[in-house]
Amino acid sequence: SFFAMQSHTLQGDTTRHSRTMDLMQQAGVKMIRDEMYWSNVEKEKGVIVIPDNYKQNVDITLAHGIDVLVILDYGNKFYDNGFSPNTPEGRAGFANYCYTIVSTFRGKIKYYEIWNEPNYAGFWKPKPNPSDYALLIQEAYNASKSADSECVILGGVTSGVDIDYLDKVFAAG
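Residues numbered from 1 in each chain as written. Predicted model: local features only at pLDDT ≥ 70, side-chain atom pairs only at ≥ 80, totals over all residues. Heavy atoms only, no water.

*Asks:* Hey, could you run me through the nonpolar core in this one?
*Replies:* Ranked by internal contacts, the top residues of the largest apolar core, which has 41 residues, are Met36, Leu72, Phe94, Tyr97, Ile101, Tyr112 and Ile114. With six residues, helix H5 (residues 130-147) is the largest single contributor of residues to this core. In contact with Ile114, other than residues within four places in its own chain, are Leu72, Phe94, Cys98, Tyr133, Leu136, Ile137, Ala140, Ile153 and Leu154. (Core = buried A, V, L, I, M, F, W, Y, C linked by side-chain atoms within 4.5 Å. Buried < 20%, exposed > 50% of the residue type's maximum accessible area, 1.4 Å probe, protein only. Helix = DSSP H or I, 4+ residues; strand = E, 2+ residues; numbered from the N terminus. Contact = heavy atoms within 4.5 Å.)

*Asks:* Teacher, can you tell me more about the environment of Phe94 here?
*Replies:* With respect to the helices and strands, the residue Phe94 is situated in helix H4 (residues 88-104). Along the sequence, Phe94 and Leu23 sit 71 residues apart, while their C-alpha atoms lie 33 Å from each other. Among all residues touching Phe94, those that are not within four sequence positions of it are Trp38, Leu72, Asp73, Pro85, Ile114, Trp115, Leu136 and Ala140.

*Asks:* Explain the pairing of strand S3 (residues 67-73) to me, please; I cannot follow it from the model alone.
*Replies:* Two faces, one strand: in a regular strand the side chains alternate between the faces of the sheet. Most of S3 sits inside the fold, with six of its seven residues counted as buried. Inspection of the sheet shows strand S2 (residues 31-37) paired to S3 by seven bridges, in the parallel sense. Considered in S3, the bridge of Met36 is made with Leu72. In terms of strand pairing, S3 meets strand S4 (residues 111-114) through four bridges, oriented parallel. Opposite Leu72, over in S4, you have Ile114 as the bridge partner. (Pairing = 2+ DSSP bridges.)

*Asks:* I tried to follow helix H3 (residues 52-63) on my own but got confused; where do I start?
*Replies:* Here H3 contains twelve residues, and its C-alpha end-to-end distance of 16 Å stays within 8% of the 16 Å for a straight helix at 1.5 Å per residue. When we look at burial in H3, the residues that qualify are Tyr54, Asn57, Val58, Ile60 and Thr61. Buried residues of H3 fall within an arc of 160 degrees about the axis and therefore sit on the same side. Every exposed residue of H3 that faces more than 90 degrees away from the buried side is listed here: Asp52 and Ala63. Buried-residue contacts for H3 involve helix H1 (14-27), S2, helix H2 (38-41) and S3. Among the residues trailing H3, Gly65 stands out with phi positive, at a value near 75 degrees. (Expected span 1.5 Å × (residues − 1). Arc of directions from axis to C-beta.)

*Asks:* What exactly am I supposed to notice about the pattern of salt bridges here?
*Replies:* Where charged atoms of side chains with opposite charge meet at close range, the side chains can pair. A full pass over the atoms with the stated rule returns six salt bridges. The partner of Lys168 in a salt bridge is Asp164, and the shortest N-O contact between them spans 3.2 Å. Here Lys168 and its partner Asp164 are both found in helix H6 (residues 163-171), four residues apart, which amounts to about one turn of the helix. By relative accessible area, which is 44% here, Lys168 ends up partly exposed. (Salt bridge = Lys/Arg side-chain N within 4 Å of Asp/Glu carboxyl O.)

*Asks:* Can you walk me through the side chain of Asn57 in this structure?
*Replies:* As for its position among the elements, Asn57 is in helix H3. Relative accessible area serves as the criterion here: at 0%, Asn57 is assigned to the buried category. Setting aside anything within four residues of it in sequence, one finds Asn57 in contact with Thr9, Leu10, Gly12, Asp13, Thr14 and His17.

*Asks:* Please explain the environment of Tyr74 as it appears in this structure.
*Replies:* Here Tyr74 shows up in the loop between S3 and H4. Remark: the alpha-carbon pair of Tyr74 and Ala92, spanning 18 residues in sequence, is separated by 14 Å. A polar contact of 3.4 Å, which involves the side chain of Tyr74, links it to the side chain of Glu35. A distance of 3.0 Å separates polar atoms of two side chains, one belonging to Tyr74 and the other to Asn116. (Polar contact = N/O pair within 3.5 Å; in protein donor to acceptor, adjacent residues only side chain to side chain.)

Function cannot be read off these values alone, since they describe shape.
Below, the structure is given as structure tokens:
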């Protein structure tokens, strides 16, 4: 059977992540869902560096027979005042981050989610905006697919079942 869990350890210490994967493997987990924050990999504008522990933790996860779904998310201080991308420059920066993550993990990670719960003000700042999210997901999708045509891109993963928000995203394209 298929069993997935959120791990919140992919960006952390490799020893802790390995212990977490031991437990998840014992529990029968087949996939983890975790994040690689944009602000943690682009600490200098336009320069994206994926820390070694991220790469090691992906390898640890796969060695446990567990697939990875990475959420590509959250703002970066170099774009749109650190808020969620809402300008062409911010969306292009985010797309570059997506391209780099997906190309780096090509052949290892197949599944990516664009943003965590974009309908929630705690995650889409300063406040949820379905039109901005629709534009972002389009650019992120195109960049990700150009990095790995076989990757699967998920979007519209909302907090709760927010049909009104999703209708607005779909109406925006």
